[in-house]
Amino acid sequence: MTAIALTIAGSDSGGGAGVQADLKTFSALGVYGTSVLTAITAQNTRGVTAIENLSPGIVRAQIDAVLSDIDVQAIKIGMVGVVETIEAISGALEHWNRRVVLDPVMVATSGDRLLQPESIEALRQLLLPRALILTPNLPEAALLTGESMAEDEAAMARQAEKLLALGAAAVLVKGGHAKSEMSTDLLFDGAAMRRFSTPRIITKNDHGTGCTLAAAITAGLAKGLSVGEAVTEAKDYLTAAIAAAETLKVGRGRGPVHHFHRWWPA
């Protein structure tokens, strides 16, 4: 059986994040990728200059077209933009009875806001309860819980528990925004807290790390891995992609990670 995954997210014209990063990640991990665009961004390695959200009707139509024909084993949701888009996606997931990997994309690596404030509550109520796994970074976890950004692992664990209580089956709180020498993520499924810690890699080429990790988890789930196994595989893949990022020469700002580091050197 062919492993197939679906990404529902925005387009990054620079190719480092969003749908483009997701499809690259699926391919790199041996999974056939399908896609639903929610928005188009004018974006490069230096920032986002324009955003245009697609109509909720075409977002829903894309989801229905893919799921009515193609045997998708795992779905990832990234940039959703506005309340109406969230409502369209939620309705489709209910219709098709599907749960998802939810990456609550709120702010781009460049600092540009990708989720409007009024959309946060809609995401919390409509999409978070459908998450097989929620993958917030520290600022996103803080916004979703209404707390200040976690400064230690105890606070990360507390916020993971709060997000689990909102309906997610598992939560991976990512510690990439912390200032410590080690980059530590915490995975909590209600029964156990699992810790993933790696030495922090210093590079300016970190565009698309969140998208790539969530897409890699989705790829693992599409191949039949458990959530814990999928996170382990995804962490290994992303760590290597970040380590190889400096070999890429893309743009003059914060470049992308190297999605195809296993196959070709830059």
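First, a word on scope: everything that follows refers to the structure included in this document. Since the model is a prediction, treat every value here as computed from it, not as a measurement.

## With respect to the environment of Arg194
Then, number 1: Summarising the element assignment, Arg194 is placed in strand β9 (residues 193–199).
Then, number 2: Residue Arg194 is classed as partly exposed on the basis of its relative accessible area, which comes to 41%.
Then, number 3: Among all residues touching Arg194, those that are not within four sequence positions of it are Asp185, Leu186, Leu187, Gly228 and Thr232.
Then, number 4: Looking at Arg194, its side chain comes within polar contact range of the side chain of Thr232, at 3.1 Å.

## Description of the packing of aromatic side chains
Then, number 1: In the structure shown here, the tally under the stated rule is two aromatic pairs.
Then, number 2: Summarising the aromatic geometry, the rings of Phe260 and Trp263 are spaced 6.5 Å apart at their centres and angled 70° between planes, so their arrangement reads as edge-to-face.
Then, number 3: Note on Phe260: relative accessible area 22%, which makes it partly exposed.
Then, number 4: Through successive ring pairs, a cluster of aromatic residues spans Phe260, Trp263 and Trp264.

## Here's the deal with the pattern of salt bridges
Then, number 1: Counted under the stated rule, the structure contains ten salt bridges.
Then, number 2: The partner of Asp22 in a salt bridge is Lys76, and the shortest N-O contact between them spans 2.8 Å. Taken together, the positions of Asp22 in helix α1 (residues 18–28) and Lys76 in strand β4 (residues 74–77) put the pair 54 residues apart, joining distant regions of the chain. Each member of the pair, Asp22 as well as Lys76, is classed as buried.
Then, number 3: Linking Lys174 and Asp103 is a salt bridge whose minimum nitrogen-to-oxygen distance equals 3.6 Å. Taken together, the residues Lys174 in the loop between β7 (171–173) and β8 (182–188) and Asp103 in the loop between β5 (100–102) and α4 (117–127) connect sequence positions 71 residues apart.
Then, number 4: A relative accessible area of 9% places Lys174 in the buried class.

## Some points on α1
Then, number 1: Here α1 has its buried residues at Gly18, Val19, Ala21, Asp22, Thr25, Phe26 and Ala28.
Then, number 2: Residue Gly30 follows α1 closely and has a positive phi angle near 80°.

Definitions and cut-offs
Residues numbered from 1 in each chain as written. Predicted model: local features only at pLDDT ≥ 70, side-chain atom pairs only at ≥ 80, totals over all residues. Heavy atoms only, no water. Helix = DSSP H or I, 4+ residues; strand = E, 2+ residues; numbered from the N terminus. Buried < 20%, exposed > 50% of the residue type's maximum accessible area, 1.4 Å probe, protein only. Contact = heavy atoms within 4.5 Å. Polar contact = N/O pair within 3.5 Å; in protein donor to acceptor, adjacent residues only side chain to side chain. Phe/Tyr/Trp six-rings, centres within 6.5 Å; stacked < 30°, edge-to-face > 60°. Salt bridge = Lys/Arg side-chain N within 4 Å of Asp/Glu carboxyl O.

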